Amino acid sequence: MQTIPYFLKDTADSWYQSLINKPQDFNAFKVEFLQYFSNNNSINCLVNTFTTMKQGETEAVTTYLGHFHKNLRQIQAIDANYFTAPQILNQFICGLHSSILQHVCPLHLGTLQEAVTCTRDFEFAESKANHVHTMNLVMNGSSELDSKLKQFSDSIN
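Please read these numbers as outputs of a predicted model, since none were measured by experiment.

Trainee: Is there a simple way to explain the overall build of the protein in this structure?
Mentor: Helix and strand counts for the protein stand at 8 helices and 0 strands. Here the protein holds 157 residues, and the buried ones make up 27% of them. A fraction of 48% describes how many contacts in the protein between residues 6 or more apart in sequence connect residues 24 or more apart. In the structure as shown, the protein presents an accessible area of about 10,900 Å², 55% of it carried by carbon and sulfur atoms.

Trainee: Would you explain the nonpolar core in this entry?
Mentor: Core analysis: the largest hydrophobic core is formed by 23 residues, its most contacted members being Phe50, Phe68, Phe83 and Phe92. Elements with a contribution of two residues or more to this core: helix H4 (43-52), helix H5 (61-78), helix H6 (85-94), helix H7 (98-104) and helix H8 (112-156). Ranked by residues supplied to this core, first place goes to H5 with 6 residues. Filtering out sequence-adjacent residues up to four positions away, Phe83 remains in contact with Val47, Phe50, Thr51, Leu72, Ile75 and Ile88. Of all hydrophobic cores here, the second largest spans 10 residues; its members include Trp15, Leu19, Phe29 and Tyr36.

Trainee: Just to check I follow, could you spell out the confidence of the model for the protein for this structure?
Mentor: Low pLDDT marks stretches whose predicted atomic positions should not be read closely. The share of residues in the protein with pLDDT of 70 or more is 76%, and the mean pLDDT across the chain is 79. Per-element mean pLDDT across the protein ranges from 67 in H8 up to 92 in H6.

Trainee: Could you clarify how one ought to interpret the environment of Lys22 in this entry?
Mentor: Considering the arrangement of structural elements, one finds Lys22 in the loop between helix H2 (10-18) and helix H3 (26-37). Take Lys22: its relative accessible area is 28%, and that puts it in the partly exposed class. The spatial distance from the C-alpha of Lys22 to the C-alpha of Glu32 is 9.6 Å, given a sequence separation of 10 residues. Within the structure, Lys22 has its side chain in polar contact with the backbone oxygen of Leu19 (distance 2.8 Å).

Trainee: Before we go on, may I ask you to explain the packing of H2 against H3 in this structure?
Mentor: If you want to describe how two helices pack, look at the angle between their axes and the distance between the axes. Orientation of H2 relative to H3, taken along the N-to-C sense of each, is 120°, at an axis distance of 12 Å. Classified by the interaxial angle, the pair formed by H2 and H3 is oblique. Considering how the two elements wind past one another, H2 and H3 form a crossing that is right-handed. Between H2 and H3, the contacting residues are Thr11, Ala12, Trp15 and Tyr16 on the first element and Phe29, Glu32, Phe33, Tyr36 and Phe37 on the second.

Trainee: It is not clear to me how the packing of H2 against H4 should be interpreted in this structure. Could you clarify?
Mentor: At a minimum axis distance of 9 Å, the contact between H2 and H4 shows a crossing angle of 105°. Considering the angle they form, H2 stands roughly perpendicular to H4. Of the residues in H4, those in contact with Thr11, Ser14 and Trp15 of H2 are Cys45, Asn48, Thr49 and Thr52. Tallied by class, residues from the contact of H2 with H4 come to 2 nonpolar, 5 polar and no charged.

What counts and how
- Residues numbered from 1 in each chain as written.
- Predicted model: local features only at pLDDT ≥ 70, side-chain atom pairs only at ≥ 80, totals over all residues.
- Heavy atoms only, no water.
- Helix = DSSP H or I, 4+ residues; strand = E, 2+ residues; numbered from the N terminus.
- Buried < 20%, exposed > 50% of the residue type's maximum accessible area, 1.4 Å probe, protein only.
- Contact = heavy atoms within 4.5 Å.
- Areas by Shrake-Rupley, 256 points an atom, 1.4 Å probe, with all protein chains shown as cover.
- Core = buried A, V, L, I, M, F, W, Y, C linked by side-chain atoms within 4.5 Å.
- pLDDT = per-residue confidence, 0-100.
- Polar contact = N/O pair within 3.5 Å; in protein donor to acceptor, adjacent residues only side chain to side chain.
- Axes fitted to C-alpha atoms, helices over the stretch in contact; angles between N-to-C directions.
- Parallel < 35°, antiparallel > 145°, perpendicular 65-115°, else oblique.
- Left-handed = near helix turned anticlockwise from the far one by under 90°.
- Nonpolar A, V, L, I, M, F, W, Y, C, P; charged D, E, K, R; others polar.

Pasting the structure below:
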């Protein structure tokens, strides 16, 4: 039983970690696991997936938002009032990648729409800044390359 947690990932790992009374043998584990996960549309499984989702390190906010809304709609199809608007907002923000989260958290956003707009704006600004930085490197590299070519040309003559 001690090795089972090493084989669980994502939702299954979160489920196992949340158990107050861990199963003492494999058969007890199997029964609990199947009860919880046998129906992929079970509210518990959907909620666990939703509350543990995180934006990938290189995942765009728009892609994360698509997964977020898909999971939320599945839960709301079973129970439209399972989460309140503040809980949904909090879950969206908590799932953001740390590079965006550190800029969004201090803003005290009131709605999911505000959070989405803010994260998209930040991601766009960050992308633009990276593009400008890259262009500066290319431009500086180009001057450096010109200088090296001139030195080489001078050494030949």
